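Residues per chain are reported as follows:
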Amino acid sequence: MSVNRVILVGRLGRDPETRYTGGGQAVANFSLATDESYRDRNGKRQKRTEWHKIVVWGKQAEIAQQYLKKGSLVFIEGRIQSREWQDKEGQKRTGFEIVANNFRMLGGRGDSAPGAAPGPSRGADEFDQGAHDDAGNAPGAPEISDEDIPF
């Protein structure tokens, strides 16, 4: 048995960029920053930021385009996927991205980074590939807060 599951909580580094495949399916791409704080050898507090490439497909991509903005705080659940290509010099390159199958907008209207657009007025909603009610919520989905995240 193997598991490929990623959970991230971070802020968008840029607005989602949405394109459509030849078959009309939406795909959105955006970057997500996660931060880690630690103390260095001298006891001084340091902060390290990791940047993640996020890919969202289908209806979720359209929702991401509509509601997510640079600075938005988001919970992402998905899988790691590698991608290979040749650069301009012909060298083989490998990159990694997170293919999201679920995301949740965290926080409320004024909770994005300075200069970012506010989130949707209905609060934190969950969008996954399962069934949804008329408001876009997964039936029986538990509410999650910052205190529920184990890190």
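Residues numbered from 1 in each chain as written. Predicted model: local features only at pLDDT ≥ 70, side-chain atom pairs only at ≥ 80, totals over all residues. Heavy atoms only, no water.

**Structural notes on the pairing of strand 2 (residues 17-20)**
Phase 1 of the analysis: Bridge analysis of strand 2 against strand 3 (residues 26-39) gives four bridges, and the strand direction is antiparallel. Bridged to arginine 19 within strand 3 is valine 27.
Phase 2 of the analysis: In sequence, strand 2 turns back onto strand 3 through a hairpin of five residues, with glycine 24 there showing a positive phi of about 90 degrees. (Pairing = 2+ DSSP bridges. Helix = DSSP H or I, 4+ residues; strand = E, 2+ residues; numbered from the N terminus.)

**Description of the confidence of the model for the chain**
Phase 1 of the analysis: Confidence in the prediction for the chain averages 79 pLDDT; 71% of positions are at 70 or higher.
Phase 2 of the analysis: Contacts from residues 113-144, a stretch scored under 50 in pLDDT, to residues over four places away or in other chains number 59 contacts. (pLDDT = per-residue confidence, 0-100. Contact = heavy atoms within 4.5 Å.)

**Structural notes on the pattern of salt bridges**
A side chain with one charge can pair with a side chain of the opposite charge if their charged atoms come near.
Phase 1 of the analysis: What the rule picks out here adds up to seven salt bridges.
Phase 2 of the analysis: The shortest N-O distance in the salt bridge between arginine 5 and glutamate 77 comes to 1.9 Å. In this pair, arginine 5 sits in the segment before strand 1 (6-12) while glutamate 77 sits in strand 5 (residues 73-86), placing the two residues 72 residues apart along the sequence.
Phase 3 of the analysis: Glutamate 77 sits in the buried class, given a relative accessible area of 13%. (Salt bridge = Lys/Arg side-chain N within 4 Å of Asp/Glu carboxyl O. Buried < 20%, exposed > 50% of the residue type's maximum accessible area, 1.4 Å probe, protein only.)

**A look at the side chain of asparagine 102**
Phase 1 of the analysis: Secondary-structure assignment places asparagine 102 in strand 6 (residues 92-105).
Phase 2 of the analysis: With a relative accessible area of 8%, asparagine 102 lands in the buried category.
Phase 3 of the analysis: Engagement of the side chain of asparagine 102 in a polar contact is seen with the side chain of glutamate 77, the distance being 2.8 Å. (Polar contact = N/O pair within 3.5 Å; in protein donor to acceptor, adjacent residues only side chain to side chain.)

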